[in-house]
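# A closer look at the structure
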Amino acid sequence: MSTVMSPVTHPVRLTERINRIEPSATMMAVAEAEKLRQQGIDVVDCTAGEPHFSTPEHVKEAAIAAIRGNFSRYTAVGGTLELKDAIIKRHSEDFGSAYKREEVCAAVGGKHALFNVISVLVDHGDEVILPVPYWVSFKDMVNYVGGKCVLLKADESQGFRVTAQMIERLVTPKTKLIVLNSPSNPSGAVMKPQDMTEVIRFAHERGIWVISDECYVYLNYTDRNFSVGALNEYRDRFLVVGSLSKTYAMTGWRLGYTLGPAAVVGAVQKLQSQQTSNPTSIVQKAAVAALTSSQQCVLDMRAEYIKLRDHIVSGLNSIPGVKCTKPEGAFYAYPNVSAFIGKSGIRCSADIAHGLLHKAHVATVAGEGFGTTEHVRISYATTVGNLDKALERMRKYFGEQ
């Protein structure tokens, strides 16, 4: 008589580091909205952190030419020399920086570049000063590598301003890194050049690293377009991380880059050599076309975003109880909805985002993912028609609270 053995079930034991982080709040919001759509519900999606424009034709044609030309083999880990030169030249022409090939590394998107830089700079116990509201992934990247986030609440009354004086109060002997993001996701705030310069100078004097996330640097709606990369006398203590995703409507293509001291960039490339190797070869050719061709497409998209910004902010501020500062960049509005907390069982912005989705069928991202409890993030990278539909539904929802 044979004996059938029952399979032994063992608990799944994950690493401590993966349990330090949460799934991306924006990706969760997108997924929740998609579930309703699958049920046939008309959802106005204001979650997407990506342009509603198509990738420019000349960029697409460059990728097609690369495919037909069999440009499909490995390249150098940090990108081809052609791509590195294109990144350096574009940044130099637009911002007055002066980087060399060994000071640039292309990556699989800006998020990948940021993760690499944080991984090579932040060790266990190191403190990272992070202004609030922050992009959802910053905090989790720091937590993943064992660092500790020290949160700095930006001044909402002054358009979410961050200054060197505010940062200085939080510095301790353990401070390793300061993260700047201008224009900001989610608030759309743009740091004044003098504020950024003072932060860089202060950090340089203290031997503290600075990461400047320039994902939205070309979506700056002020008359003071600026990159810390221009501060050549201090660049041995800061890194610039950029991306083609928002600038050229290339989110799915995944191409970002790091500019910084050769020693740090070399460490980033070493790490990347064990992760992804090079960014996709075909995408590199497309990126070269985007960076070296006419920038009129960037200007055209920027002009449209300004119109959409003005439309959504005016609409939000016309809703009783909703207050929205005017974002100076990116393509997000970050209205304060604290007037409704405490009403109808609403405890925080997560409850409001849930109500907007399931009752009004407007998908937003709750402020909790960005470090606040009184806001929701609304992407206005869509059509005026969609924004009007969202505003009408939001007006009705808030009017019922």
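For the structure, check the block above.
Please read these numbers as outputs of a predicted model, since none were measured by experiment.

Attention now moves to the overall build of the chain. Along its length, the chain carries 12 helices and 12 strands. Relative to its length of 401 residues, the chain is compact, with a C-alpha radius of gyration of 22 Å against a globular reference of 21 Å. Seen through its principal axes, the chain has C-alpha atoms that stretch 85 × 60 × 55 Å. Out of the 401 residues in the chain, the part that is buried amounts to 54%.

Attention now goes to the environment of Tyr 99. By the secondary structure assignment, Tyr 99 is in the loop between α3 (81–95) and β2 (104–107). Put simply, Tyr 99 and Gly 229 are 130 residues apart on the chain and 8.6 Å apart in space, counted from C-alpha to C-alpha.

Among the nonpolar cores identified, the biggest contains 85 residues, and Ile 167, Leu 177, Ile 178, Phe 238 and Leu 244 are the most heavily contacted of them. Among the elements that line this core, the one with the most residues is helix α9 (residues 281–292), at 6 residues. The contacts of Ile 178, once residues within four sequence positions are left out, are Ile 129, Ile 167, Val 199, Ala 203, Ile 208, Trp 209, Val 210 and Ile 211.

Moving on: the sheet that holds β2. If you trace the 7 strands from one edge of the open sheet to the other, you get β2-β8-β7-β6-β5-β3-β4, paired in mixed fashion. Pairing within the sheet leaves two strands with one partner each, and these edge strands are β2 and β4 (148–153). Averaged over all adjacent pairs, the angle separating strand axes in this sheet is 20 degrees, with direction ignored. As defined by bridge partners, strand β7 (residues 238–243) adjoins strand β8 (residues 256–259) across 4 bridges and the pair is classed as antiparallel. The residue bridging Val 241 from the neighbouring strand is Thr 258, located in β8.

As a further point, take empty space enclosed by the protein. This model, assessed by the stated rule, comprises 1 cavity of 30 Å³ or more. There is about 40 Å³ of room inside the largest cavity. Around the largest cavity, the lining residues are Ser 182, Pro 183, Val 190, Met 191, Pro 193, Met 196, Asn 220, Arg 224 and Phe 226.

The contact between helix α10 (residues 296–317) and helix α12 (residues 384–399) brings their axes to 10 Å, and the two run at 10 degrees. Our classification of the angle between α10 and α12 gives roughly parallel. Between α10 and α12, the contacting residues are Leu 308, His 311, Ile 312, Gly 315 and Leu 316 on the first element and Val 384, Leu 387, Asp 388, Leu 391, Met 394 and Arg 395 on the second.

Conventions adopted
Residues numbered from 1 in each chain as written. Predicted model: local features only at pLDDT ≥ 70, side-chain atom pairs only at ≥ 80, totals over all residues. Heavy atoms only, no water. Helix = DSSP H or I, 4+ residues; strand = E, 2+ residues; numbered from the N terminus. Rg over C-alpha atoms; globule rule 2.2 N^0.38 Å. Buried < 20%, exposed > 50% of the residue type's maximum accessible area, 1.4 Å probe, protein only. Core = buried A, V, L, I, M, F, W, Y, C linked by side-chain atoms within 4.5 Å. Contact = heavy atoms within 4.5 Å. Pairing = 2+ DSSP bridges. Axes fitted to C-alpha atoms, helices over the stretch in contact; angles between N-to-C directions. 1 Å grid on protein atoms, 1.4 Å probe; cavity = no way out; pocket = protein on both sides within 12 Å on 5 of 7 lines; lining within 4 Å. Points joined across faces, edges and corners; volume = space filled by probe spheres on them. Parallel < 35°, antiparallel > 145°, perpendicular 65-115°, else oblique.

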